[in-house]
Amino acid sequence: MAFLQGKKIIVGITGSIAAYKTPQLVRLLVRAGADVQVIMTEKAKDFVTPLSLSTVSGKPVLDNVQEGGQWHNHVLLGRAANLMLIAPCSANTLARMARGLCDNMLLAVYLSAVCPVVIAPAMDEDMWQHPATKSNVEKLRSYGHSIIPVGIGELASGLTGAGRMAEPEDIISFIRQQSAQKVHWDNTTGRRALVSAGPTYEAIDPVRFLGNHSTGKMGTALALALAGKGYIVDLVAGPGVPDPQHPGIQFFPVVSAQEMFAACSSHSKAATLIIMAAAVADYRPEHAALQKIKKSAATKELSIKLVQNPDILAYLGQHKTPEQTLVGFALETENEFENALKKCKAKNADFIVLNSLNDKGAGFGTDTNKVTVVKADGTKIELPLQSKQKIAEAIISEILN
């Protein structure tokens, strides 16, 4: 396990019966060459002793910001680590992390950490399935943290279901996957990207919607290309876009333009590179029917009033910081370059990637693409027809250059 050699890893342990597994987890990390610092909450001591953990880690276990007149520098600990692993993470600590609370040593280090954070939840099934827990998990994912899937089996309550902490060997395997795809362990350079992909569906009634033919292949290819360069990527994807299942990509599925707007505006704050590749509907029905609209022999026509959706690219352009690069997409059928350049300036974007429906093998649903990267100063770079993954890599190279 050379990928762990020399890595500084903080192992946080919280009050869960699954804490009995942590000496073996720490032992595996140390055997792999990692420099492990264990931090415990007071409740964790009910399930595993600090002595056992200090024995296998080779270091004193920390449980308080100060001890015997000595201050443990939580900021330095958080900034120096290559990875923070919280295993087990109880429902209580999960909620406190999601809300930014800081009332113990573990949470103080967590809030100071600038490294990747990996969380191994452990709780009873009803707690794991509770809407509040699900909301907390999604919020932590939105922060860029990785959540290790819980296991299914016998629980402390005596019930059988989902909520078991992953086994130590599976946790090590998960961490290996995190580093396998060139994901940078020391993500202190601010290399975080936001990418949107796919269509949006605007509900007419519970059955029907207004949509388009976008598949999200181009946006997903861009997310993968960025992850391959060490970026942590937040991928906001419309319906039908599959999760690429990449350790460097956080996947956030949405349906409507309003949902995509909310997700993109939220995740944009942490991103230095923003690429809006999604085909967002410009309009939506003013009112979606609560029940399926029935066809009537007496009604030969159906009128639906449409209202404008929020302009995501324009909003991001208005709120763009000097450290951010904003890239939009334009699919045109006429006056292509002129319309793309106009869009670039109007939205305060740095680049517009121009697609033309007039180019064979380009556009919606294909595995290939042909684009022109238009800069705000009017210069352009034409990229010939090739696979969407190759096009994505070429677009990223042009933007980063």
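Provided above is the structure to which this section pertains.
Residues numbered from 1 in each chain as written. Predicted model: local features only at pLDDT ≥ 70, side-chain atom pairs only at ≥ 80, totals over all residues. Heavy atoms only, no water.

**Topic: helix α4 (residues 91-99)**
- Regarding α4, the residues found buried are Ala91, Thr93, Leu94, Met97 and Ala98. Summarising the axial view, the buried residues of α4 lie within an arc of 165°, below the 170-degree limit, and thus occupy one face.
- Its buried side turned inward, α4 meets β5 (83-89), α5 (105-112), β6 (117-121), α6 (125-129) and α7 (131-142).
- Gly100 sits one or two residues past α4 and shows a positive phi near 75°. (Buried < 20%, exposed > 50% of the residue type's maximum accessible area, 1.4 Å probe, protein only. Helix = DSSP H or I, 4+ residues; strand = E, 2+ residues; numbered from the N terminus. Arc of directions from axis to C-beta. Contact = heavy atoms within 4.5 Å.)

**Considering the pairing of strand β13 (residues 232-237)**
- Within β13, 6 of the 6 residues are buried, leaving the element largely enclosed by the surrounding structure.
- Bridging between strand β10 (residues 192-197) and β13 involves 6 bridges; their strand directions are parallel. For Leu194, the partnering residue across the bridge sits in β13 and is Asp234. (Pairing = 2+ DSSP bridges.)

**Description of the pairing of strand β18 (residues 325-332)**
- Within β18, 6 of the 8 residues are buried, which leaves it mostly tucked inside the rest of the structure.
- Here strand β15 (residues 273-276) pairs with β18 via 4 bridges, running parallel. Pairing of Ile274 across the sheet is with Leu326, part of β18.
- Each parallel crossover has a hand, and the one from β18 via helix α12 (residues 336-346) to strand β19 (residues 351-356) is right-handed. (Right-handed = clockwise from strand over helix to strand, strands pointing away.)

**Here we look at the pattern of salt bridges**
- Counting across every chain of the model gives 13 salt bridges.
- Here Lys21 ties to Glu167 by a salt bridge, and the two come within 2.9 Å at their closest N and O atoms. Here Lys21, found in the loop between β1 (8-13) and α1 (22-31), pairs with Glu167, found in the loop between β9 (160-164) and α8 (168-180); they are 146 residues apart in sequence, far enough to count as distant.
- Overall, the relative accessible area of 7% leaves Lys21 in the buried class.
- Residue Glu167 is classed as partly exposed on the basis of its relative accessible area of 30%. (Salt bridge = Lys/Arg side-chain N within 4 Å of Asp/Glu carboxyl O.)

**Re the state of the cysteines**
- Overall, the coordinates contain 0 disulfides when judged by the stated rule.
- No disulfide involves Cys264; its sulfur sits 18 Å from the nearest other cysteine sulfur, which is in Cys344.
- Residue classification places Cys264 among the buried residues on the basis of a relative accessible area of 0%.
- Residue classification places Cys344 among the buried positions, given a relative accessible area of 0%. (Disulfide = S-S within 2.5 Å.)

**Here we look at the packing of aromatic side chains**
- Across all of its chains, the model carries 2 aromatic pairs by this definition.
- Aromatic pair Tyr201 and Phe209: ring centres 3.8 Å apart, planes at 15°, arrangement stacked.
- Judged by relative accessible area, Tyr201 falls into the partly exposed class, the value being 25%.
- For Phe209, a relative accessible area of 40% translates into the label partly exposed.
- An angle of 70° between the planes, with centres 4.9 Å apart, marks the rings of Phe261 and Tyr315 as edge-to-face. Here Phe261 is found in helix α10 (residues 257-267), whereas its partner Tyr315 is found in helix α11 (residues 312-318), with 54 residues between them in sequence.
- A relative accessible area of 27% places Tyr315 in the partly exposed class. (Phe/Tyr/Trp six-rings, centres within 6.5 Å; stacked < 30°, edge-to-face > 60°.)

**Some details on α7**
- Between its terminal C-alpha atoms α7 stretches 16 Å, which fits the 16 Å expected from 12 residues at 1.5 Å a residue.
- Buried within α7 are the following residues: Thr133, Asn136, Val137 and Leu140. All buried residues of α7 project into a common sector of 100° when viewed along the axis, lining one side.
- Those residues of α7 that are buried lie in contact with α4, α5, β6, α6 and β7 (146-147).
- One or two residues past the end of α7 sits Gly144, with phi positive at roughly 95°. (Expected span 1.5 Å × (residues − 1).)

**Focus: the sheet that holds strand β2 (residues 35-40)**
- Strand order across the open sheet formed by 5 strands is β2-β1-β5-β6-β7, with parallel pairing between neighbours. With one partner strand each, in any of the chains shown, β2 and β7 form the two edges of the open sheet.
- Taken together, the 4 bridges between β1 and β5 define a ladder with parallel strand orientation. Bridge pairing links Gly12 to Ile86 in β5.

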